[in-house]
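Descriptive structure summary
Now for the letters of each chain:
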Amino acid sequence: MSSIVSIENLSKRYDSGFEALKSVNLEIQEGEILALLGPNGAGKTTLISIICGLVNPSSGAVRVGGFDVVKDFREARSLIGLVPQEIALEPFQTVYDALRFTRGLFGKRHDAGLLKSILEKLSLWDKKDAKTMELSGGMKRRVLIAKALCHEPRVLFLDEPTAGVDVELRKEMWEVVRQLKEDGVTIILTTHYIDEAEAIADRVGVIRNGELLLVEKKEALMQRMGQRQMRIELIKPLDAIPEALARYNLDYSAEDRTLTYSYEANGERTGIASLFADLSKAGIVLRDVETRQSSLEDIFVGLVEDKS
């Protein structure tokens, strides 16, 4: 799989001395969904703004489809669709006219068949003659995506695409994103909803204080850095954890009479067999056992805390 976006030693420093980005290197593969995670002020929006040609970098280079975003601005920008977080639409413009106008801004001739296809895929065709001010918040977000797609970009940036929408609509938007990927569009997603990245992303990047901490396939990241927890419910309460069990670093909750044991998800030896044997030797009788795999959110929080 070839790279559609190539970022080399990208930095952004403002006159105040603040460094929004610090030597970022990233290759975004054609046809993938990449989720960029990071707290507020981490540099996500600055990175997207530079790639889209809205902000000039202090140093480094960005190429989209082989075109430099500074030297070959028009060629690079024509390959990019951007869906901003803020909903900014002309209130009295119809949905169809909004797409037709945006396509014209990129020097593209009107293509009724293409615009109809985009609106149908986003479940907007029946709203084509409606003024944007008449639409719900979720519909307006779909219009923003349609506008970003109407000039046939190869790369689509979604900046917090489901911010402020309900859970049901978020899941509908996830399906839209998956369909766009099937159509061959490369998608870069920023989100505060980590379950969103876990649900639809192929790879995950984590940004903190302008630094790209890692970029890794979602499944590999969760396998490498994830932990499992085993929750052991006891028949009888404990006054204290026996000394013979100290090496397992167990957490005990007297309230619900449970022991919690944490171990590496990809470890060759979990220690579970020896723990059960030692529990039996200590005369501790089990009522129930359940396990839990750490989520992408657990891993993200751990990474951010490590760097704070």
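Here is what the cut-offs are and how they apply
For every chain, the first residue of its written sequence is number 1, and the numbers climb from 1 along that sequence. Two thresholds apply to this predicted model, a pLDDT of at least 70 for residue-level local features and 80 or more for giving and counting side-chain atom pairs, whereas whole-chain, interface and lining totals are computed over all residues. Excluding hydrogens and water, the side-chain values take into account all heavy atoms of the structure. Every helix listed is a DSSP run of H or I at least four residues long, and every strand listed is a run of E at least two residues long, numbered separately from the N terminus. A contact between two residues is defined here by any heavy atoms of the two lying within 4.5 Å. One side-chain nitrogen of Lys or Arg within 4 Å of one carboxyl oxygen of Asp or Glu is enough to make a salt bridge. Buried, partly exposed and exposed residues are distinguished by accessible area as a fraction of the type maximum, computed with a 1.4 Å probe on protein chains only: under 20%, between the cut-offs, and over 50%, respectively. Whether two aromatic rings pair depends on their centres lying within 6.5 Å, for rings of Phe, Tyr and Trp, where Trp uses its six-membered ring; planes under 30 degrees apart make the pair stacked, over 60 edge-to-face, and the rest tilted. Only when the NZ atom of a Lys or the CZ atom of an Arg is both within 6 Å of the ring centre and within 35 degrees of the ring normal do we say a charge sits over the ring.

**Details of the side chain of Thr260**
Structurally, Thr260 is set in strand 13 (residues 258-264). Those residues in contact with Thr260 that sit more than four places away from it in its chain are Gln229, Met230, Asn249, Leu250 and Asp251.

**A few points about the pattern of salt bridges**
Applying the stated criterion to the full structure yields 13 salt bridges. For Glu19, the salt bridge identified is with Arg13, shortest N-O distance 3.2 Å. With relative accessibility at 46%, the residue Arg13 sits in the partly exposed group. Of the charged contacts, one joins Lys181 and Asp202 as a salt bridge, the two residues approaching to 2.9 Å between their closest N and O atoms. Note that Lys181 is positioned in helix 6 (residues 167-182) and Asp202 in the loop between helix 7 (194-200) and strand 9 (203-208), a separation of 21 residues in sequence. Exposure remark for Lys181: the relative accessible area of 29% places this residue in the partly exposed category. The class of Asp202 is partly exposed, set by a relative accessible area of 25%. A network of salt bridges, in which partner residues are shared, links Arg231, Asp256 and Glu290.

**Remarks on the packing of aromatic side chains**
In total, this model carries one aromatic pair according to the counting rule given. On the numbers, 6.0 Å between centres and 80 degrees between planes, the contact of Tyr248 with Tyr261 is edge-to-face. Taken together, the residues Tyr248 in the loop between strand 11 (227-234) and strand 12 (251-253) and Tyr261 in strand 13 connect sequence positions 13 residues apart. Across this residue pair, the class does not change: Tyr248 and Tyr261 are buried. Positioned over the ring face of Tyr14 is Lys12, at 4.9 Å from the centre of the ring. Positioned above the aromatic ring of Trp125 is the side chain of Lys128, whose terminal nitrogen or guanidinium carbon lies 5.1 Å from the ring centre.

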